[in-house]
Structure formats: C-alpha cells, structure tokens
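Spelled out from the first residue to the last, the chains are:
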Amino acid sequence: MSGIMNLSNLTVVRGGQTLLSGLSCACNAGEVVVVLGPNGAGKSSLLLAMAGLIPVAGTITLSGQLLSAYDRREICRQIAWQGDLPPTEFGLTVRQRLLLAAGEADQGIEATAATMDIALLLQRPLGELSSGERQRVELAALMLRDTPVWLLDEPTAHLDLKHQIRCIQMLKAQSANGRAIITVLHDLQQAMAIADHLILIDGKGAAEYGKAAELFDGNRLSQLFDAPVIARGSVLIPDYGEER
Ligand SMILES: Nc1ncnc2c1ncn2[C@@H]1O[C@H](COP(=O)(O)OP(=O)(O)OP(=O)(O)O)[C@@H](O)[C@H]1O
C-alpha cells in the first residue's frame, strides 16, 4: 500500500480490551476514509493511534516514514486534528483563535470564516458561543492549518442541517484539493456522500477496510450497528419503524 498514511497489521488495545486487530489500510491524498462503528467500538481510539497519541502494535507510516520516528512537532506539521470542542479559557475571540491556527498570518481568515458562516462572529469571545457556533470555528481553524492529513472525530457534531451540509461540502472540496481525510461519522447519509473507503470497527475486536461502494450494504451495516438499516432506492437509512 502506498498512501500518505499507511496502517499495517494494526492492533489497538485500551484498558486491557482489544479494540481492533489486524487492520491494514492506505489513506491517500485526495481521498476520504470514513470510520464507522457502534459507540465504544474504538473509532476515536483509532484516530488517537493514527496521531501517535496512544501505543499500538503493528506499523503506521506517514509520508513514507514510521510515525514512531517523528517528533511531536513534525507530526503536528503533517496532521491536523478535530475532536471534542476545546476549552474556552483565556478569553480568546474567534478571530484570535483563527489567528493562532493560521500561524499569526491573517491571510485567508475572512474567506474561511465566510465558508464556515462565522464572519459575523469574529469579534465574539469563544466562551459566549453556542456549541454549533464553536464547532464551526474549530472547522475554520482546521482549514487554516496547512497539513496534508486531517483526522476528524465527528466533524458534524453540534451542527444544524444547513451547517452539516456545508461541512460535508467543505470536506469534499478539501479532499478534492489533495488532503487525505480520515473521519469518524455517525450519519450514514453523510458517510455515503463523502467516503471513498470505509473502516468498519465492530466493537468486538474486528476491523474491516475496503472501498465504500463495496462495504455500503444494508445487511452489513445492520450487523455492524446491531440495528435495522434499510435500502430506499440506492440510499441506506435507519429503520425507525412506521411513520406516524
Ligand atoms: N483513556 C482510556 N483508558 C481506557 N479505556 C478507554 C479510554 N478511553 C476510552 N476507553 C475505552 O476504549 C473503548 C473505545 O473508546 P472510543 O472512545 O475509541 O470509542 P468510539 O468508537 O469512539 O465511541 P463513541 O462512538 O461512543 O464515540 C471504550 O470501551 C472506552 O471505554
């Protein structure tokens, strides 16, 4: 395999529990890998492993070198991370948060703020924003960092429908511009809209990697989530039962 990030025979153990074992995959520039699986399966743990933040068995390479051989600063130059909303201490405004992400050059801040629909929030303190507004700020901060790899843990969390769509469109555009994006998602439609490849983690220690077109299958996803997933035309949706 020859992606910008390659996992080979990866095993992740946490709290004495094997979350996944034997996972091999290639994450290529210009492609989106979506990680799906039930709560507690190990999706966030896999991203932490890919950022070099928790120990693993097997190998992870980044730009052709072992991840374990990089220092933290170089990993940060190559990988950007979006996880839970960070704390809002220090009284930073939105503009100051974005300046920190952009490395003090304010080039691109206005355009990025427009893309994430936060232009009117630039002077506001982060601590006064709603969760969805803060999530949009964090996505804008991500866009301002010039890293080839993005590791995203539920980037559409907290977002209303308009901004979920905007986020998914932004991820498509970023991947078309050459970023390698590995993202955890819970929404099947969002996953279908952007995934080139999928990593399915089943919560029992098994993980599977493959082309999205091959792994998006109602039976397979029903089994994965232990929940009914039905096909409506070419779209897979959760079965909530009869409509009222
Ligand atoms: N710091 C930790 N030490 C030990 N075990 C942990 C730690 N953090 C998480 N775990 C355990 O590892 C397992 C996987 O957690 P993880 O957060 O990776 O799941 P997830 O698939 O991202 O779940 P969710 O969909 O709920 O966000 C869980 O059983 C969790 O309890």
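As shown above, the structure is provided for reference.
All values derive from a computational prediction rather than experimental measurement. (Residues numbered from 1 in each chain as written. Predicted model: local features only at pLDDT ≥ 70, side-chain atom pairs only at ≥ 80, totals over all residues. Heavy atoms only, no water.)

Participant: Quick question: what am I supposed to make of helix 3 (residues 94–102) here?
Facilitator: Within an α-helix, residues lying three or four positions from one another point in the same direction, as the helix has 3.6 residues per turn. Every buried residue of helix 3 is accounted for by V94, R97, L98, L99 and A101. Where helix 3 is buried, its residues touch helix 4 (109–115) and helix 5 (131–143). Two residues or fewer after helix 3 comes G103, characterised by a positive phi angle close to 75°. (Buried < 20%, exposed > 50% of the residue type's maximum accessible area, 1.4 Å probe, protein only. Helix = DSSP H or I, 4+ residues; strand = E, 2+ residues; numbered from the N terminus. Contact = heavy atoms within 4.5 Å.)

Participant: When you look at the sheet that holds strand 7 (residues 149–153) in this model, what are you seeing that I'm missing?
Facilitator: In a beta sheet, neighbouring strands pair by backbone hydrogen bonds and run either parallel or antiparallel. Within the open sheet, the 10 strands sit side by side as 5-4-1-2-10-9-3-8-7-6. Their pairing is mixed. Each having just a single partner strand, strand 5 (65–66) and strand 6 (79–82) make up the two edges of the open sheet. Two strands pair when backbone bridges link them, and strand 2 (residues 17–27) and strand 10 (residues 205–211) are joined in this way by two bridges, in the parallel orientation. If you follow L20 over to strand 10, its bridge partner there is G205. Sheet contacts for helix 1 (residues 43–50): strand 1 (5–14), strand 2, strand 3 (32–36), strand 4 (57–62), strand 6, strand 7, strand 8 (180–184) and strand 9 (197–201); angle to strand 1, the most-contacted strand, approximately 125°. Its contacts with the sheet place helix 9 (residues 218–225) against strand 3, strand 9 and strand 10, and it is angled at close to 35° to strand 9. (Pairing = 2+ DSSP bridges. Axes fitted to C-alpha atoms, helices over the stretch in contact; angles between N-to-C directions.)

Participant: Explain the site of the ligand to me, please; I cannot follow it from the model alone.
Facilitator: In the vicinity of the ligand lie 14 residues, with G40, G42, K43, S44 and S45 positioned nearest. A distance of 3.0 Å is found between an oxygen atom of the ligand and a side-chain nitrogen or oxygen belonging to N39. Contact between the ligand and K43: an oxygen atom at 2.7 Å from a side-chain N or O atom of the residue. In the complex, 59% of the free accessible area of the ligand, which totals 650 Å², lies under the protein chains. Of all the secondary-structure elements, those providing two or more residues to the shell around the ligand are strand 2 and helix 1. (Near = heavy atom within 4 Å. Polar contact = N/O pair within 3.5 Å; in protein donor to acceptor, adjacent residues only side chain to side chain. Areas by Shrake-Rupley, 256 points an atom, 1.4 Å probe, with all protein chains shown as cover.)

Participant: Even after reading the chapter, I still don't get the pattern of salt bridges, so can you show me in this structure?
Facilitator: Opposite charge on two side chains makes pairing possible when the charged atoms of those side chains draw close. All chains considered together, the criterion is met by six salt bridges. Here E138 ties to R97 by a salt bridge, and the two come within 2.8 Å at their closest N and O atoms. Taken together, the residues E138 in helix 5 and R97 in helix 3 connect sequence positions 41 residues apart. Each member of the pair, E138 together with R97, is buried. Taking the shortest distance from any N to any O, the salt bridge between D117 and K162 comes out at 3.4 Å. Here the residue D117 occupies a position in the loop between helix 4 and helix 5, and K162 occupies one in helix 6 (residues 161–176), the gap between them amounting to 45 residues. (Salt bridge = Lys/Arg side-chain N within 4 Å of Asp/Glu carboxyl O.)

Participant: What's the story with the pairing of strand 9 in this structure? I'm lost.
Facilitator: For a regular strand, the rule is simple: side chains alternate between the two faces of the sheet. With respect to burial, strand 9 is a largely interior element, five of its five residues being buried. The side-chain alternation of strand 9 yields two buried faces, one formed by H197, I199 and I201 and the other by L198 and L200. Judged from the four bridges that link them, strand 3 and strand 9 form a sheet pairing that is parallel. In the strand pairing of strand 9, V34 is matched with L198. Bridging between strand 9 and strand 10 involves five bridges; their strand directions are antiparallel.

Participant: Looking at this structure, how should I read the pairing of strand 12 (residues 235–238)?
Facilitator: Relative to strand 12, strand 11 (residues 229–232) runs antiparallel, the two being bridged by four bridges. Within strand 12, the residue paired with I230 across the bridge is I237. Taking the residues between adjacent antiparallel strands as the criterion, strand 11 and strand 12 are bridged by two residues, where G233 takes a positive phi near 65°.

Take it as geometry only, folks, not as evidence of what the structure does.
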